[in-house]
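# Close look at the chain arrangement
What follows is each chain in one-letter form.
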Amino acid sequence: MNAYPDFTSIRRITELTEHYSALALENGCDREGLEETLQSLTNALSRTLEEVKKREKASAFSQSEPNTYEKIRSLCIGGNRPAAVPGVRDKIAGALLGRFAGCILGAPVEGLDIRNMEQMAARLHMDFPPTTYWREVERPWGLQFEREPRSLFAEETMDGVPIDDDITYPILSLLIMETCGRDFTTDDVGAYWKAHLTTACTAELAALENLKKGIPAESAADHDNPYAQWIGALIRADGFGYACAGNPELAANLGYRDAFLTHRRNGIYGEMLFAASIAAAFTVADPLAAVRMGLLEIPHTSALYRDVSWALEKAPAVTDYKQARALVDERFPGMNPVHTNNNACLIVFALKLGGLNLTETIANAVAMGLDNDCTAATCGSLVGAVVGSSGIPAHWTDRFHNKVRTYITGAEELSIEDVIDRFTALQQTFAEK
């Protein structure tokens, strides 16, 4: 992959333009004349943006990284077969609780660099990587997704599973599958989002806004959406993995239909890969073996396939979170910290470091940084699906009080036990078809 351009000078120019414009007004400058001058900058940037969009559309990845399901399948190695899952409810419980734990551990430090997290742990007299929930969180008064205080992510003040996108999306997938069945379409996903999803970020927000403008679901990812290969679809994979426990190919298929609403190319493959991996994790003894099975369900010609294969190759030699992060930074210089590919590799490294120990796995995922609430949540699903609910240490779930909250209209608070039962019922229904 070519090196990313350096936008430092562009950001600096626009920042200085903003500040000098304010200073000019403060010094008595004519506002109308200033706005006319600034419009010339807007026009120039708009022309540049359109030229960049043309270059993006003309990229040469349509054959090796297709977006249509039929072409994707033609490039998959395949070979996964459905398998029975004894004790499936307990394993779904483990996966769901593991996901919740990973997300909650990562959310207070989402996107922080390693040094800042280490300093925060030292100030709070905590282990690092963190082996318990954070004792305090920064900006405890701030509202998470404009709903409830961030303080609910702290160990002592937690009461139920707090609101987060990594918590909301598996519940959303459950509701879509219950409403529309196993044969739901991307149109169904879009319609459900329009009716029930109250907020979104990046690619999800772009698609939701496009849907509200009347753009069809099949095209919602194609307009004003530079986030189409970011991690947003990957974090929506888990519910499809639960419902298709033991059937990676079906999980990838359902993940594709969901991802196509918002993402393209490697963004789609991220959801397919981890939906399939989580479905496979219910039938294997090693989460990394599940990821290898998941790879069979995405194009072997894609960058994500190559990158995750690289991570699996490097994983045996990885000894700690700092080394893991350094390897990823070296392979993906300049890549956005919430891209699919770099974070997928961190998931692999965290799974290697933690093995079947949920605490070690999610702790290392968080310590590596980047989009660490997302990576820790996915790791929690994978390990939890292997070890079941008995493999989730009690200190991660003691304060859940059988409650999970979302920002989905009509599903603002649910019983965790009920969610587990409903995913189990879906899995049994899907497995019978």
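Anything mentioned here points back to the structure above.
Residues numbered from 1 in each chain as written. Predicted model: local features only at pLDDT ≥ 70, side-chain atom pairs only at ≥ 80, totals over all residues. Heavy atoms only, no water.

## Observations regarding the overall build of the chain
To be explicit about the condition: Where helices and strands are cited, they refer to DSSP runs of H or I of at least four residues and of E of at least two residues respectively, numbered from the N terminus. What makes two residues a contact is simply this: any of their non-hydrogen atoms within 4.5 Å. Every accessible area reported is derived by Shrake-Rupley at a probe size of 1.4 Å, with residue values counting cover from the shown protein chains alone. Here Asp and Glu are counted as negative and Lys and Arg as positive; His is not counted, and neither are the chain ends. One atom stands in for each charge, and that atom is NZ of Lys, CZ of Arg, CG of Asp or CD of Glu.
Assigned secondary structure in the chain consists of 18 helices and four strands. Projecting the C-alpha coordinates of the chain onto the three principal axes gives extents of approximately 75 × 55 × 45 Å. For the chain, the proportion of contacts with a sequence separation of at least 24, taken over those separated by at least 6, is 73%. Within the structure as shown, the chain displays about 18,400 Å² of accessible surface, and the carbon and sulfur contribution to it stands at 52%. The centroid of the 40 positive side-chain charges in the chain is displaced by 4 Å from the centroid of its 58 negative side-chain charges.

## Comments concerning the environment of Lys-213
Under the convention used in this document: Relative accessibility under 20% of the residue-type maximum defines a buried residue, over 50% an exposed one, and the middle range a partly exposed one, all with a 1.4 Å probe and only protein chains included.
Examined against the element boundaries, Lys-213 turns out to sit in the loop between α8 (202–212) and α9 (238–243). The class of Lys-213 is exposed, set by a relative accessible area of 60%.

## A look at helix α15 (residues 340–354)
Our working definition: Between the first and last residue of a helix there are one fewer steps than residues, each counted as 1.5 Å, and that sum is the expected span.
Over its 15 residues, α15 runs 21 Å from end to end, which matches the ideal 21 Å to within 8%, given 1.5 Å per residue. Of all the 15 residues making up α15, 14 are buried; the element is thus mostly covered by neighbouring parts of the structure. Downstream of α15 by a residue or two, Gly-355 has a phi angle that is positive, lying close to 60°.

## Thoughts on unusual backbone geometry
Here Phe-128 and Pro-129 are connected by a cis peptide whose omega angle stands at 0°. By the element assignment, Pro-129 lies in the loop between α5 (114–123) and β1 (143–144). Non-glycine residue His-125 carries a positive phi angle of around 55°. By the element assignment, His-125 lies in the loop between α5 and β1. By relative accessible area, His-125 is classed as exposed at 66%.

## Section: helix α1 (residues 8–26)
If you check α1, its first and last C-alpha atoms are 27 Å apart, about what 19 residues at 1.5 Å a residue would give, namely 27 Å. Two residues or fewer past α1, Gly-28 is found with a positive phi of approximately 95°.

## Quick word on the packing of helix α6 (residues 165–180) against helix α18 (residues 416–432)
How we decide: Here an angle of 0 to 180 degrees is reported between the N-to-C directions of two axes, which are lines fitted to C-alpha atoms, with helices fitted over the stretch in contact. The labels follow the angle: roughly parallel below 35 degrees, roughly antiparallel above 145, roughly perpendicular from 65 to 115, and oblique for the rest. A crossing counts as left-handed when the near helix is turned anticlockwise from the far one by less than a right angle, and as right-handed when that turn is clockwise.
At a minimum axis distance of 11 Å, the contact between α6 and α18 shows a crossing angle of 45°. When the axis of α6 is compared with that of α18, the two are oblique. The handedness of the crossing between α6 and α18 comes out as left-handed. For the pair α6 and α18, contact is made by Pro-170, Ile-171, Ser-173, Leu-174, Leu-175, Met-177 and Glu-178 and by Val-419, Arg-422, Phe-423, Leu-426 and Phe-430, respectively.

## A closer look at the packing of aromatic side chains
Rules: Only Phe, Tyr and Trp rings are paired, with Trp represented by its six-membered ring, and only when their centres lie within 6.5 Å; those with planes under 30 degrees apart are stacked, over 60 edge-to-face, the remainder tilted. Whether a charge lies above a ring is judged from NZ of Lys or CZ of Arg, which has to be within 6 Å of the ring centre and within 35 degrees of the ring normal.
In total, this model carries 12 aromatic pairs according to the counting rule given. Each ring, one from Phe-145 and one from Tyr-407, has its centre 5.1 Å from the other, and the planes form 25°; the classification is stacked. Pair noted here: Phe-145 is in the loop between β1 and β2 (148–149) and Tyr-407 is in the loop between β3 (403–405) and β4 (413–415), with a separation of 262 residues, a long-range link. Under the relative-accessibility criterion, Phe-145 is labelled buried at 18%. In this structure an aromatic cluster arises from ring pairing among Tyr-69, Tyr-256 and Phe-260. Seen from the ring of Tyr-169, Arg-236 lies directly overhead, with NZ or CZ sitting 5.9 Å from the centre. Above the face of the Phe-184 ring, Arg-257 is positioned so that its terminal group lies 5.0 Å from the ring centre.

## Structural notes on the pattern of salt bridges
What counts is decided by this rule: For this document, the term salt bridge refers to a Lys or Arg side-chain nitrogen within 4 Å of an Asp or Glu carboxyl oxygen.
Counted under the stated rule, the structure contains 22 salt bridges. For the salt bridge of Glu-249 with Arg-73, the shortest nitrogen-to-oxygen distance reads 3.8 Å. Of this pair, Glu-249 sits in helix α10 (residues 248–259) while Arg-73 sits in helix α3 (residues 69–74), and the two are 176 residues apart along the sequence. Residue Arg-73 is classed as partly exposed on the basis of its relative accessible area, which comes to 21%. Across the pair Asp-329 and Arg-325 runs a salt bridge, and its minimum N-O distance is 2.9 Å. In this pair, Asp-329 and Arg-325 are both assigned in helix α14 (residues 321–331), four residues apart and thus about one turn of the helix distant. Judged by relative accessible area, Arg-325 falls into the buried class, the value being 16%.

## What to know about the environment of Thr-340
Which entries qualify depends on this criterion: N or O atoms closer than or at 3.5 Å make up a polar contact, with two conditions inside protein: a donor-capable atom paired with an acceptor-capable one, and, for residues adjacent in sequence, both atoms drawn from side chains.
With respect to the helices and strands, Thr-340 occurs in helix α15. When its relative accessible area of 0% is taken as the criterion, Thr-340 is described as buried. Sequence spacing of Thr-340 and Asp-371 is 31 residues, and the spatial spacing of their C-alpha atoms is 9.6 Å. The contact partners of Thr-340, leaving out residues within four places of it in the chain, are Gln-229, Trp-230, Ile-231, Leu-234, Asn-266, Gly-267, Gly-270 and Leu-304. Within the structure, Thr-340 has its side chain in polar contact with the backbone oxygen of Trp-230 (distance 2.8 Å).

Any link to function would need more than the numbers given here.
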